[in-house]
Each structure stands twice: as structure tokens, then as C-alpha cells.
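# Geometric and topological summary
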Amino acid sequence: MKLRVVPVTPFQQNCAILCCERTGRAAIVDPGGDLDRVLAEVEKLQVTLEKILITHAHLDHMAALPAFVARRRMMKMEPPTIYLPESVLEPTELLLKVW
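Description of the structure in this document. (Residues numbered from 1 in each chain as written. Predicted model: local features only at pLDDT ≥ 70, side-chain atom pairs only at ≥ 80, totals over all residues. Heavy atoms only, no water.)

## A closer look at the nonpolar core
Core analysis: the biggest nonpolar cluster contains 24 residues, and Ile17, Val38 and Leu49 have the highest contact counts within it. Those elements giving two or more residues to this core turn out to be strand 1 (2-8), strand 2 (13-19), strand 3 (25-29), helix 1 (35-45), strand 4 (48-53) and helix 3 (65-74). The residues contacting Leu49, other than those within four sequence positions of it, are Ala26, Ala27, Ile28, Leu39, Val42, Phe68 and Arg72. (Core = buried A, V, L, I, M, F, W, Y, C linked by side-chain atoms within 4.5 Å. Buried < 20%, exposed > 50% of the residue type's maximum accessible area, 1.4 Å probe, protein only. Helix = DSSP H or I, 4+ residues; strand = E, 2+ residues; numbered from the N terminus. Contact = heavy atoms within 4.5 Å.)

Laid out in C-alpha cells, this is it:
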């Protein structure tokens, strides 16, 4: 397992990319912003992004989620599997539908 930490936004919150070195699959943890920067790191790692993990529902931990899902939808790609706290499941589903 490989871990790459990507500081995002002017406040430099930690977004992380977890990569399985055996399978080449990856997950993003807490994509709070700077989506292009995070995706550039994914590309450098040469992995396939499959999952997004949200640890809690603060904006600085999930602000890039709607843009990422919308971008994949526009590119006719499957959405990633998203893991997030049950307490924010319904509002997040609604948010992603309107994006």
C-alpha cells in the first residue's frame, strides 16, 4: 500500500491518495478542494481511481466531490464508489444528482 498526501486549498488540508501497489487501484480520502491537483497526483502514480472515502462531512473534506463525480459523468465514466458517514448520505446523494 502506498500513501500520497496532497495538501489542498489555501488552508492546506490533507487529502490523501491510497494506492494498492499490487493491483494499481486507488482511493482518494477527503477530497476537500484543488481537484485538478489531486487528479494530477493520481496520474503521476499511474493508478486507477475507484473509490472516494469521506471521513466526515465538513466542506474542507468533501468540497471537490461533486465536481469529480460530474466530471466523470461528462466523460461517460462510471462514478467512483463513495464511502461516507451515514448521517450525510441522503444530502450528498441529492447534491450529486443536481450536479
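## Some remarks on helix 1
Residues of helix 1 that are buried: Leu35, Val38, Leu39, Glu41, Val42 and Leu45. End-on, the buried residues of helix 1 take up no more than an arc of 150°, which puts them together on one face. For helix 1, the exposed residues lying more than 90 degrees away from the buried face are Asp36, Glu43 and Lys44. In this structure, the buried side of helix 1 is in contact with strand 1, strand 2, strand 3, strand 4 and helix 3. Backbone geometry just downstream of helix 1 places Gln46 in the positive-phi region, at approximately 55°. (Arc of directions from axis to C-beta.)

## Brief notes about the sheet that holds strand 5 (residues 81-83)
Read from one edge of the open sheet, 5 strands run 1-2-3-4-5, paired in mixed fashion. Of all strands in the sheet, those bounded by a partner on one side alone are strand 1 and strand 5. Direction aside, neighbouring strands of the sheet carry axes that sit 25° apart on average. Both strand 1 and strand 2 contribute to a ladder of 7 bridges, which runs antiparallel. Counted as the bridge partner of Arg4 is Ile17 from strand 2. Helix 3 contacts strand 4 and strand 5 of the sheet and is inclined by roughly 145° relative to strand 4. (Pairing = 2+ DSSP bridges. Axes fitted to C-alpha atoms, helices over the stretch in contact; angles between N-to-C directions.)

## Some details on the pattern of salt bridges
Within the structure shown, the criterion is met by 4 salt bridges. A salt bridge links Glu41 to Arg4, with the shortest nitrogen-to-oxygen separation between them at 2.6 Å. With Glu41 in helix 1 and Arg4 in strand 1, the pair connects residues that are 37 residues apart, well separated along the chain. Owing to a relative accessible area of 15%, Glu41 belongs among the buried residues under this scheme. Glu41 is the partner of Lys44 in a salt bridge, and the nearest nitrogen-oxygen pair spans 3.2 Å. Taken together, the positions of Lys44 and Glu41, both in helix 1 and 3 residues apart, correspond to about one turn of that helix. Given the relative accessible area of 60%, Lys44 is considered exposed. (Salt bridge = Lys/Arg side-chain N within 4 Å of Asp/Glu carboxyl O.)

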